[in-house]
Amino acid sequence: MATCFWLRSSGARRLGWTFPGCCLRPRSGGPAAASGPAPGPAQLRGYAGGLAGLSAALLRTDSFVGGRWLPAAATFPVQDPASGASLGMVADCGVPEARAAVRAAYEAFCSWKGVSAKERSSLLRKWYDLMIKNKDDLAKIITAESGKPLKEAQGEILYSALFLEWFSEEARRVYGDIIYTSARDKRSLVLKQPVGVAAVITPWNFPSAMITRKVGAALAAGCTVVVKPAEDTPFSALALAELANQAGIPPGVYNVIPCSRKNAKEVGEVICTDPLVSKISFTGSTTTGKVLLHHAANSVKRVSMELGGLAPFIVFDSANVDQAVAGAMASKFRNTGQTCVCSNRFLVQRGIHDAFVKAFAEAMKKNLRVGNGFEEGTTQGPLINEKAVEKVEKQVNDAVCKGATIVTGGKRHQLGKNFFEPTLLSNVTQDMLCSHEETFGPLAPVIKFDTEEEAIAIANAADVGLAGYFYSQDPAQIWRVAEQLEVGMVGVNEGLISSVECPFGGVKQSGLGREGSKYGIDEYLELKKHVSAPDPDQEGDRPFLRLSGVISFYWTPPVKKVLFQHCFHEFPEEPPSNDNADEISRITRVYWP
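Residues numbered from 1 in each chain as written. Predicted model: local features only at pLDDT ≥ 70, side-chain atom pairs only at ≥ 80, totals over all residues. Heavy atoms only, no water.

By the naming in an unreviewed UniProt entry, the protein chain is Succinate-semialdehyde dehydrogenase, taken from Callithrix jacchus. Its UniProt record gives the protein chain a comment under Subunit (unreviewed entry), which states: "Homotetramer." The UniProt entry for the protein chain carries the following comment under Subcellular location (unreviewed entry): "Mitochondrion". (UniProt positions renumbered as here; feature names shortened; annotations may be inferred.)

Structure follows, in structure tokens:
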């Protein structure tokens, strides 16, 4: 089991990213992209606190297929979760549109896979630059459609853009290998080649970052993609399509097909079963992931999945209470508890339990402010919809009925139907829903434990294993616990563990594969082995003839001696004859892509 863990040993100050941001309001006019008609109006609700116009070019409502903006036969509404107001009507793609997107991606793949790594790198970098240039508008779109506080949305855009920057660099680092076989006169060459068209299905809680983390790797590898964004947050995916188009990403390489919840099942099935699709990448619930795995199995497609979590947050007696509380606040309440790596269960050792619960409650009351995401000072926005609120409410009621104590919060917030008070529960036991069911909301249940072994057993009792956190000042305990936790990522004295440089993914039923980091691009590459033997008709025993077909050289007189000395430790007096000595001539026929 491969695990990535973060070790934090000091209280280093975090960098705070603060951008001047205002709220959304509709604006007429604006430039229309040359690749298609002007976007339809998106009625974006404005809020008090400084109104500002949003670039009309980014407010796209049609699907983006083959480099063109295409309407669908029907549309569906996208709502602001804070107010319930309609943000706009978006193309409701169905089976025909999904098949067309796959065909466009496949046709584009036939040429995109041959584009040099340097050129793919350059295009991704241009896309990154455009995201940074439009970061404020992109953040406002996230806040409008997901309810995420604007400051957090600004952070997501930076995080999202960094994936494009990272994979623009990784595109030029896709290396192969040369293997010496047991036969004296044979060599094996290993190439990495793009798998083909990738179906990318993304969630609503990070509507921008979950796209770039997948698409950046796919495009860097030479794959093309069909993106099906979450029905709650399609505007972010479409805005990224506009910027990709502006960056010069070729038609058909990046396609977006938004659809309503009603059409999501059949659209997902089409793009996951189409024989032209070679790869499926999905972030979402474990239940949906299992359905998509069945689809992939029928045609044996490559898959990578980041599924549900039930992250334990363990506080041992040796922990620094203030540090543990700061980590708990960061891990639990980011995006109002709506992240897959949010701490779901707080396991606190008996000796430090009361002090931790008291300090945690005080920090929640002091630092958490529920409100509209566009309002200054808001740290907790709305949950994504009514169903999400009902789930949190159900878990709180279940826990209270079974003996849990509400320390703070515990009910819907007065602001509206999608708002819930940040809630802390004590006296929680393992038979309560909040102990074994992912919450995805602002609920922190605290379970008391006595021994290290007991904490590990409780933490590992889940059938999922995405992330885990623990706080301890005991060096020996740190290594023991980090190795024993059955999760893909561990935060040690650290509550935030995501970065573009490190692999992201889980074990058990939390998914397959890794995203981000130098490993993320491998999810979109296939290995191909070439075995070369000498040509029996060739005379002599010169090394470069024995290796013909394995390594490629471009012959220029000033460097010929160096090349042959480096690779063969000997060199001929003259190169093979060439009709035009002024031009580069190839010694062999196989060359690196």
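Picking up where we left off.
(A) Quick look at the packing of helix 2 (residues 117-133) against helix 5 (residues 209-221). For the pair helix 2 and helix 5, interaxial distance at closest approach is 9 Å and the crossing angle is 155°. Classed by the angle they form, the pair helix 2 and helix 5 counts as roughly antiparallel. For the pair helix 2 and helix 5, the sense of crossing is right-handed. Contact residues: R120, L124, W127 and M131 in helix 2; T212, V215, G216, L219, A220 and A221 in helix 5. Along the lines of polarity and charge, the residues of the contact of helix 2 with helix 5 split into 7 nonpolar, 2 polar and 1 charged. (Axes fitted to C-alpha atoms, helices over the stretch in contact; angles between N-to-C directions. Helix = DSSP H or I, 4+ residues; strand = E, 2+ residues; numbered from the N terminus. Parallel < 35°, antiparallel > 145°, perpendicular 65-115°, else oblique. Left-handed = near helix turned anticlockwise from the far one by under 90°. Contact = heavy atoms within 4.5 Å. Nonpolar A, V, L, I, M, F, W, Y, C, P; charged D, E, K, R; others polar.)

(B) The arrangement of the UniProt feature "active site" (unreviewed entry) in the protein chain in detail. Taken from the UniProt record, the annotation "active site" (unreviewed entry) applies to E306. Tracing the sequence through the fold places E306 in strand 12 (residues 302-306). With residues up to four places along the chain from it excluded, the contact list for E306 reads M210, R213, F282, T283, G284, C340, L466, F504 and S510.

(C) Broad picture of the pairing of strand 16 (residues 423-426). Side chains T423 and L425 of strand 16 all project onto a buried face; the interleaved residues L424 and S426 project onto the opposite face, where all are buried too. Strand direction decides the pairing type here: strand 15 (residues 405-408) and strand 16, joined by 3 bridges, are antiparallel. In the sheet register, I406 faces strand 16, and the bridge partner there is L425. Where strand 16 lies against strand 17 (residues 443-449), 3 bridges are found, and the strand directions are parallel. Bridge pairing links L424 to A444 in strand 17. (Buried < 20%, exposed > 50% of the residue type's maximum accessible area, 1.4 Å probe, protein only. Pairing = 2+ DSSP bridges.)

(D) Up close: the pattern of salt bridges. Applying the stated criterion across every chain, the model contains 20 salt bridges. Across the salt bridge formed by R125 and D129, the nearest N and O atoms sit 3.4 Å from each other. One end of the pair, R125, and the other, D129, are both in helix 2, 4 residues apart, so they sit about a helical turn from each other. Owing to a relative accessible area of 34%, R125 belongs among the partly exposed residues under this scheme. We note a salt bridge from K214 to E515, for which the minimum N-O separation is 2.6 Å. Of this pair, K214 sits in helix 5 while E515 sits in the loop between strand 22 (511-512) and strand 23 (525-532); the two residues are 301 residues apart in sequence, bridging distant segments of the chain. No difference in accessibility class separates K214 from E515, as the two residues are buried. When salt bridges with common partners are traced through the structure, they connect R213, K214, E306 and E515 into a single cluster. (Salt bridge = Lys/Arg side-chain N within 4 Å of Asp/Glu carboxyl O.)

(E) A look at the sheet that holds strand 23. Across the sheet, which stays open at both edges, the 3 strands sit in the order 6-7-23 with antiparallel pairing between neighbours. With partners counted over all chains shown, the strands left at the sheet margins are strand 6 (177-180) and strand 23, one partner each. Geometrically, the sheet is characterised by an average inter-axis angle of 25° between neighbouring strands, direction not taken into account.

(F) Structural view of the environment of A221. With respect to the element layout, A221 can be found in helix 5. According to the relative accessible area criterion, A221 is buried, its value standing at 3%. For the pair A221 and W112, spaced 109 residues apart in sequence, the C-alpha separation works out to 9.8 Å. Not counting residues within four places of it along the chain, the set of residues in contact with A221 comprises R120, P194, I521, Y524 and L525.

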